[in-house]
Amino acid sequence: MNLLSVKKLTVQYDGSEALHDLSFDLESGDYLCVIGENGSGKSTLIKTLLGLKKPDSGSIEYNGLTSAQIGYMPQQTDIQRDFPASVMEVVLTGCLKANGFRPFFTAKTKEFAKKNLQRTGAAELAKKCYGELSGGQQQRVLLARALCSTEKLLILDEPVANLDPKATNEIYALIDKLNKEHGITIIMVSHDIRCAAMQAGKILHLDKTLVFFGDTNDYINSPEGRHFLGHEHL
Ligand code: ADP
Ligand code: MG
(Lines give C-alpha, C1' and ligand atoms only; values in the text may rest on other atoms or scores of the structure.)
(Ligands and ions follow the chains in the order given, each with its own letter.)
Protein backbone atom coordinates (compact mmCIF):
# COMPACT_ATOMS: atom_id res chain seq x y z
CA MET A 1 0.00 0.00 0.00
CA ASN A 2 1.22 3.53 -0.71
CA LEU A 3 2.66 5.44 2.22
CA LEU A 4 2.60 8.73 0.32
CA SER A 5 0.68 9.86 -2.71
CA VAL A 6 1.44 13.21 -4.38
CA LYS A 7 -1.03 14.19 -7.10
CA LYS A 8 -0.78 17.11 -9.53
CA LEU A 9 0.99 19.24 -6.94
CA THR A 10 1.51 22.91 -7.82
CA VAL A 11 3.14 25.32 -5.36
CA GLN A 12 3.70 29.04 -5.91
CA TYR A 13 5.54 31.89 -4.22
CA ASP A 14 3.83 35.22 -4.92
CA GLY A 15 2.26 33.90 -8.10
CA SER A 16 5.39 32.32 -9.54
CA GLU A 17 5.47 28.53 -9.67
CA ALA A 18 8.19 26.68 -7.74
CA LEU A 19 6.58 23.29 -8.44
CA HIS A 20 4.24 22.46 -11.30
CA ASP A 21 1.94 19.47 -11.74
CA LEU A 22 4.10 17.01 -9.77
CA SER A 23 2.84 13.48 -9.16
CA PHE A 24 4.57 10.46 -7.59
CA ASP A 25 3.86 7.70 -5.07
CA LEU A 26 6.04 6.14 -2.40
CA GLU A 27 5.58 2.78 -0.75
CA SER A 28 6.45 1.94 2.81
CA GLY A 29 10.15 0.99 2.99
CA ASP A 30 11.19 3.00 -0.09
CA TYR A 31 14.40 5.02 -0.15
CA LEU A 32 13.98 8.08 -2.39
CA CYS A 33 16.69 10.54 -3.35
CA VAL A 34 15.44 13.92 -4.60
CA ILE A 35 17.87 15.62 -6.99
CA GLY A 36 17.93 18.67 -9.25
CA GLU A 37 19.76 21.92 -9.87
CA ASN A 38 19.59 24.84 -7.43
CA GLY A 39 16.14 26.41 -7.56
CA SER A 40 14.51 23.28 -9.01
CA GLY A 41 11.97 23.04 -6.17
CA LYS A 42 13.54 20.41 -3.88
CA SER A 43 13.21 22.40 -0.66
CA THR A 44 9.76 23.58 -1.68
CA LEU A 45 8.69 19.94 -2.04
CA ILE A 46 10.11 19.12 1.42
CA LYS A 47 8.33 22.08 3.03
CA THR A 48 5.07 21.09 1.38
CA LEU A 49 5.48 17.43 2.45
CA LEU A 50 6.00 18.63 6.03
CA GLY A 51 2.88 20.80 5.92
CA LEU A 52 4.90 24.04 6.28
CA LYS A 53 3.81 25.31 2.85
CA LYS A 54 0.32 24.98 1.40
CA PRO A 55 -0.20 23.57 -2.09
CA ASP A 56 -1.88 25.93 -4.56
CA SER A 57 -3.45 22.94 -6.25
CA GLY A 58 -3.16 19.19 -6.16
CA SER A 59 -2.84 17.02 -3.08
CA ILE A 60 -0.52 15.18 -0.71
CA GLU A 61 -1.94 12.15 1.05
CA TYR A 62 -0.24 10.08 3.74
CA ASN A 63 -1.51 6.64 4.51
CA GLY A 64 -1.30 5.82 8.20
CA LEU A 65 0.68 8.83 9.40
CA THR A 66 0.21 12.57 9.88
CA SER A 67 2.75 15.23 8.95
CA ALA A 68 3.49 15.57 12.70
CA GLN A 69 4.71 11.95 12.73
CA ILE A 70 7.44 12.57 10.17
CA GLY A 71 11.04 12.67 11.37
CA TYR A 72 12.75 15.67 9.80
CA MET A 73 16.44 16.45 9.71
CA PRO A 74 16.87 20.02 8.47
CA GLN A 75 19.94 21.32 6.73
CA GLN A 76 22.34 22.66 9.36
CA THR A 77 23.12 26.35 9.68
CA ASP A 78 26.19 27.78 11.39
CA ILE A 79 24.08 28.97 14.32
CA GLN A 80 22.75 25.46 14.93
CA ARG A 81 26.27 24.09 14.84
CA ASP A 82 27.17 26.07 17.99
CA PHE A 83 23.91 25.25 19.78
CA PRO A 84 24.65 25.56 23.53
CA ALA A 85 23.02 22.38 24.84
CA SER A 86 23.98 18.84 25.74
CA VAL A 87 23.54 16.09 23.17
CA MET A 88 20.75 14.57 25.29
CA GLU A 89 18.88 17.90 25.36
CA VAL A 90 19.10 18.21 21.58
CA VAL A 91 17.78 14.66 21.07
CA LEU A 92 14.97 15.21 23.57
CA THR A 93 13.64 18.16 21.55
CA GLY A 94 12.65 15.50 19.01
CA CYS A 95 10.65 13.67 21.68
CA LEU A 96 8.05 16.32 22.53
CA LYS A 97 5.27 14.39 20.91
CA ALA A 98 6.33 10.99 22.29
CA ASN A 99 6.41 12.61 25.72
CA GLY A 100 2.80 13.80 25.38
CA PHE A 101 3.84 17.49 25.41
CA ARG A 102 4.40 17.38 29.20
CA PRO A 103 6.73 20.04 30.63
CA PHE A 104 9.26 17.49 31.97
CA PHE A 105 10.59 14.47 30.13
CA THR A 106 9.58 11.15 31.64
CA ALA A 107 12.07 8.34 32.33
CA LYS A 108 10.46 6.40 29.49
CA THR A 109 11.05 9.27 27.04
CA LYS A 110 14.68 9.57 28.15
CA GLU A 111 15.14 5.84 27.54
CA PHE A 112 13.65 6.26 24.06
CA ALA A 113 16.09 9.12 23.35
CA LYS A 114 19.00 6.91 24.51
CA LYS A 115 17.80 4.05 22.34
CA ASN A 116 17.83 6.31 19.30
CA LEU A 117 21.33 7.58 20.12
CA GLN A 118 22.40 3.93 20.19
CA ARG A 119 20.75 3.31 16.82
CA THR A 120 22.81 6.12 15.28
CA GLY A 121 26.03 5.02 16.99
CA ALA A 122 26.18 8.13 19.20
CA ALA A 123 25.33 6.69 22.64
CA GLU A 124 28.70 7.62 24.14
CA LEU A 125 28.15 11.29 23.20
CA ALA A 126 24.99 11.75 25.33
CA LYS A 127 26.58 13.92 28.04
CA LYS A 128 28.78 15.98 25.70
CA CYS A 129 28.11 19.53 24.62
CA TYR A 130 26.56 19.51 21.14
CA GLY A 131 28.59 22.51 19.94
CA GLU A 132 31.89 20.70 20.62
CA LEU A 133 31.16 17.70 18.40
CA SER A 134 32.54 17.09 14.91
CA GLY A 135 30.23 17.59 11.93
CA GLY A 136 29.68 13.85 11.51
CA GLN A 137 28.90 13.40 15.21
CA GLN A 138 26.40 16.28 15.06
CA GLN A 139 24.63 14.64 12.12
CA ARG A 140 24.35 11.38 14.09
CA VAL A 141 22.76 13.31 16.96
CA LEU A 142 20.32 15.07 14.61
CA LEU A 143 19.39 11.72 13.07
CA ALA A 144 18.69 10.34 16.55
CA ARG A 145 16.56 13.43 17.21
CA ALA A 146 14.57 12.86 14.00
CA LEU A 147 14.08 9.18 14.92
CA CYS A 148 12.40 10.26 18.17
CA SER A 149 9.45 11.59 16.18
CA THR A 150 9.01 8.66 13.80
CA GLU A 151 9.42 4.96 13.21
CA LYS A 152 8.08 5.34 9.68
CA LEU A 153 9.27 8.23 7.55
CA LEU A 154 12.48 10.28 7.72
CA ILE A 155 12.95 13.36 5.57
CA LEU A 156 16.58 14.49 5.30
CA ASP A 157 17.73 17.73 3.71
CA GLU A 158 21.35 17.51 2.54
CA PRO A 159 22.50 15.25 5.42
CA VAL A 160 26.12 15.10 4.29
CA ALA A 161 26.65 18.75 3.33
CA ASN A 162 30.06 19.96 4.62
CA LEU A 163 31.16 16.55 5.92
CA ASP A 164 34.55 15.03 5.10
CA PRO A 165 34.56 11.85 2.96
CA LYS A 166 34.90 9.46 5.91
CA ALA A 167 32.01 11.04 7.85
CA THR A 168 29.98 11.18 4.62
CA ASN A 169 30.37 7.44 4.09
CA GLU A 170 29.45 6.72 7.71
CA ILE A 171 26.28 8.82 7.54
CA TYR A 172 25.24 7.16 4.26
CA ALA A 173 25.85 3.72 5.79
CA LEU A 174 23.73 4.70 8.78
CA ILE A 175 20.84 5.98 6.65
CA ASP A 176 21.01 2.80 4.58
CA LYS A 177 20.86 0.70 7.75
CA LEU A 178 17.84 2.63 9.08
CA ASN A 179 16.11 1.92 5.77
CA LYS A 180 17.11 -1.71 5.26
CA GLU A 181 17.24 -3.04 8.82
CA HIS A 182 14.59 -0.91 10.52
CA GLY A 183 12.28 -0.51 7.52
CA ILE A 184 12.12 3.27 7.82
CA THR A 185 11.06 5.02 4.62
CA ILE A 186 13.60 7.67 3.56
CA ILE A 187 13.21 10.84 1.50
CA MET A 188 16.61 12.49 1.08
CA VAL A 189 17.45 15.69 -0.77
CA SER A 190 21.03 15.70 -1.97
CA HIS A 191 23.40 17.62 -4.19
CA ASP A 192 25.66 14.63 -3.94
CA ILE A 193 24.76 12.40 -6.84
CA ARG A 194 26.64 9.48 -5.31
CA CYS A 195 23.75 8.81 -2.99
CA ALA A 196 21.48 8.53 -5.97
CA ALA A 197 23.77 6.23 -7.88
CA MET A 198 24.80 4.13 -4.90
CA GLN A 199 22.11 3.41 -2.40
CA ALA A 200 18.72 5.03 -2.94
CA GLY A 201 16.36 2.64 -4.67
CA LYS A 202 14.32 5.44 -6.26
CA ILE A 203 15.12 8.80 -7.82
CA LEU A 204 12.97 11.90 -8.17
CA HIS A 205 14.67 14.38 -10.49
CA LEU A 206 13.02 17.81 -10.39
CA ASP A 207 13.22 20.87 -12.59
CA LYS A 208 10.17 22.66 -11.14
CA THR A 209 8.25 19.76 -12.58
CA LEU A 210 9.01 16.07 -12.86
CA VAL A 211 12.03 15.18 -15.02
CA PHE A 212 12.27 11.56 -13.86
CA PHE A 213 10.72 9.37 -11.20
CA GLY A 214 11.48 5.69 -10.90
CA ASP A 215 14.08 3.08 -10.02
CA THR A 216 17.68 4.24 -9.69
CA ASN A 217 18.95 1.66 -12.20
CA ASP A 218 16.47 2.89 -14.80
CA TYR A 219 17.52 6.48 -14.09
CA ILE A 220 21.22 5.73 -14.55
CA ASN A 221 20.47 4.29 -17.98
CA SER A 222 18.01 7.02 -19.03
CA PRO A 223 19.01 10.07 -21.14
CA GLU A 224 18.08 12.41 -18.22
CA GLY A 225 20.16 10.36 -15.82
CA ARG A 226 23.19 10.16 -18.08
CA HIS A 227 23.05 13.88 -18.69
CA PHE A 228 22.67 14.80 -15.02
CA LEU A 229 25.03 12.26 -13.49
CA GLY A 230 27.72 12.55 -16.14
CA HIS A 231 29.60 9.43 -17.17
CA GLU A 232 32.65 10.15 -15.03
CA HIS A 233 30.63 9.74 -11.83
CA LEU A 234 29.58 6.19 -12.62
P1 ADP B 1 15.95 24.05 -4.42
O2 ADP B 1 15.76 23.59 -3.00
O3 ADP B 1 15.83 22.94 -5.42
O4 ADP B 1 17.22 24.80 -4.59
P5 ADP B 1 13.70 25.82 -3.85
O6 ADP B 1 12.54 24.93 -3.59
O7 ADP B 1 14.36 26.42 -2.67
O8 ADP B 1 14.75 25.06 -4.78
O9 ADP B 1 13.23 27.01 -4.80
C10 ADP B 1 12.42 26.82 -5.95
C11 ADP B 1 12.04 28.19 -6.52
O12 ADP B 1 11.21 28.88 -5.59
C13 ADP B 1 13.23 29.09 -6.77
O14 ADP B 1 12.98 29.81 -7.95
C15 ADP B 1 13.25 29.99 -5.56
O16 ADP B 1 13.79 31.26 -5.89
C17 ADP B 1 11.78 30.11 -5.21
N18 ADP B 1 11.59 30.30 -3.76
C19 ADP B 1 11.98 29.43 -2.80
N20 ADP B 1 11.63 29.88 -1.57
C21 ADP B 1 11.02 31.07 -1.77
C22 ADP B 1 10.43 32.04 -0.89
N23 ADP B 1 10.39 31.84 0.42
N24 ADP B 1 9.88 33.14 -1.46
C25 ADP B 1 9.89 33.33 -2.80
N26 ADP B 1 10.43 32.46 -3.67
C27 ADP B 1 10.99 31.34 -3.18
MG1 MG C 1 17.06 23.79 -1.31
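Relevant structure appears above.
Residues numbered from 1 in each chain as written. Chains lettered and ligands numbered in written order. Predicted model: local features only at pLDDT ≥ 70, side-chain atom pairs only at ≥ 80, totals over all residues. Heavy atoms only, no water.

A. Representation of the sheet that holds strand S2 (residues 16-27). With antiparallel pairing, three strands are arranged side by side in an open sheet as S2-S1-S4. Unpaired on one side and paired on the other, S2 and strand S4 (57-62) mark the two borders of the sheet. Each strand axis lies, on average, 15 degrees off the axis of its neighbour in the sheet, ignoring direction. Pairing analysis gives eight bridges linking strand S1 (residues 2-13) to S2, with the strands arranged antiparallel. Opposite Gln12, over in S2, you have Glu17 as the bridge partner. Lying on the sheet, helix H1 (residues 42-49) is in contact with S1, S2 and S4; it crosses S1 at an angle near 120 degrees. (Pairing = 2+ DSSP bridges. Helix = DSSP H or I, 4+ residues; strand = E, 2+ residues; numbered from the N terminus. Axes fitted to C-alpha atoms, helices over the stretch in contact; angles between N-to-C directions. Contact = heavy atoms within 4.5 Å.)

B. Inspection of the pairing of strand S6 (residues 153-157) at higher detail. The element S6 is extensively covered by neighbouring structure, given that five of its five residues are classed as buried. Here S6 shows two buried faces, one formed by Leu153, Ile155 and Asp157 and the other by Leu154 and Leu156. In this structure, strand S5 (residues 71-73) lies alongside S6, joined through three bridges in parallel fashion. Across the sheet, the residue bridging to Met73 is Leu156, located in S6. Note: S6 against strand S7 (residues 185-189), five bridges, orientation parallel. Along S7, the bridge assignment pairs Ile155 with Ile187. As for the winding sense of the linkage, the β-α-β connection from S6 through helix H6 (residues 165-180) to S7 is right-handed. (Buried < 20%, exposed > 50% of the residue type's maximum accessible area, 1.4 Å probe, protein only. Right-handed = clockwise from strand over helix to strand, strands pointing away.)

C. The arrangement of the site of ligand 1 in detail. In the vicinity of ligand 1, the contacting residues are Tyr13, Ala18, Glu37, Asn38, Gly39, Ser40, Gly41, Lys42, Ser43, Thr44 and Lys208. Within the side chain of Tyr13, one N or O atom sits 3.5 Å away from a nitrogen atom of ligand 1. In terms of residue count, H1 provides more of the shell around ligand 1 than any other element does, three residues in total. A breakdown of the residues in the shell around ligand 1 according to their chemical character gives two nonpolar, six polar and three charged. (Near = heavy atom within 4 Å. Polar contact = N/O pair within 3.5 Å; in protein donor to acceptor, adjacent residues only side chain to side chain. Nonpolar A, V, L, I, M, F, W, Y, C, P; charged D, E, K, R; others polar.)

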